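So the chains spell out like this:
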Amino acid sequence: MLKALPFVEWDRYTETEPGREYAIYGWIPREKDGYKDFVVLTYYGPDHFAYQEGFAFITSSAKHTHAIADMVRTASEAEDPHNDCIRVESTFPDVQNVIHLK
């Protein structure tokens, strides 16, 4: 699956349950502003206790959501599988340890 998403620069992963659940983290470069969008690809193995075997994902990339959904095959028949990201500082203004964009 990692090779099937060539526009993602894969970074690291966590092994929540060895052999049963992996969360793989990557970045998608944006040409427009030089920032990167994130993607988290989660694999649920055949012996996972709560989910059927397969992949799920979360991304901040509106541009690549459909391509990722098509590859991961988790998109429902809904027209838009993208869920917009909301900046933390816009909702929680009293939190000091947030990233502020210029």
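Relevant structure appears above.
Residues numbered from 1 in each chain as written. Predicted model: local features only at pLDDT ≥ 70, side-chain atom pairs only at ≥ 80, totals over all residues. Heavy atoms only, no water.

### What to know about the overall build of the protein chain
Stage number 1. Along the protein chain, the regular secondary structure elements total two helices and four strands.
Stage number 2. For the protein chain, the succession of helices and strands along the chain, N to C, is β-β-β-β-α-α.
Stage number 3. Counting only C-alpha atoms and orienting by the principal axes, one finds that the protein chain spans roughly 45 × 25 × 25 Å.
Stage number 4. Per-residue burial over the protein chain gives 29% buried out of 102 residues.
Stage number 5. If you take every contact in the protein chain between residues at least 6 apart in sequence, the share linking residues at least 24 apart comes to 24%.
Stage number 6. If you sum the accessible surface of the protein chain, you get close to 7700 Å²; carbon and sulfur atoms cover 52% of it.
Stage number 7. Considering the protein chain, the positive charge centre built from 10 side chains and the negative charge centre built from 17 side chains are found 8 Å apart. (Helix = DSSP H or I, 4+ residues; strand = E, 2+ residues; numbered from the N terminus. Buried < 20%, exposed > 50% of the residue type's maximum accessible area, 1.4 Å probe, protein only. Contact = heavy atoms within 4.5 Å. Areas by Shrake-Rupley, 256 points an atom, 1.4 Å probe, with all protein chains shown as cover. Lys, Arg positive; Asp, Glu negative; His and termini not counted. Charge placed at Lys NZ, Arg CZ, Asp CG, Glu CD.)

These values are about where atoms sit, not about what they do.
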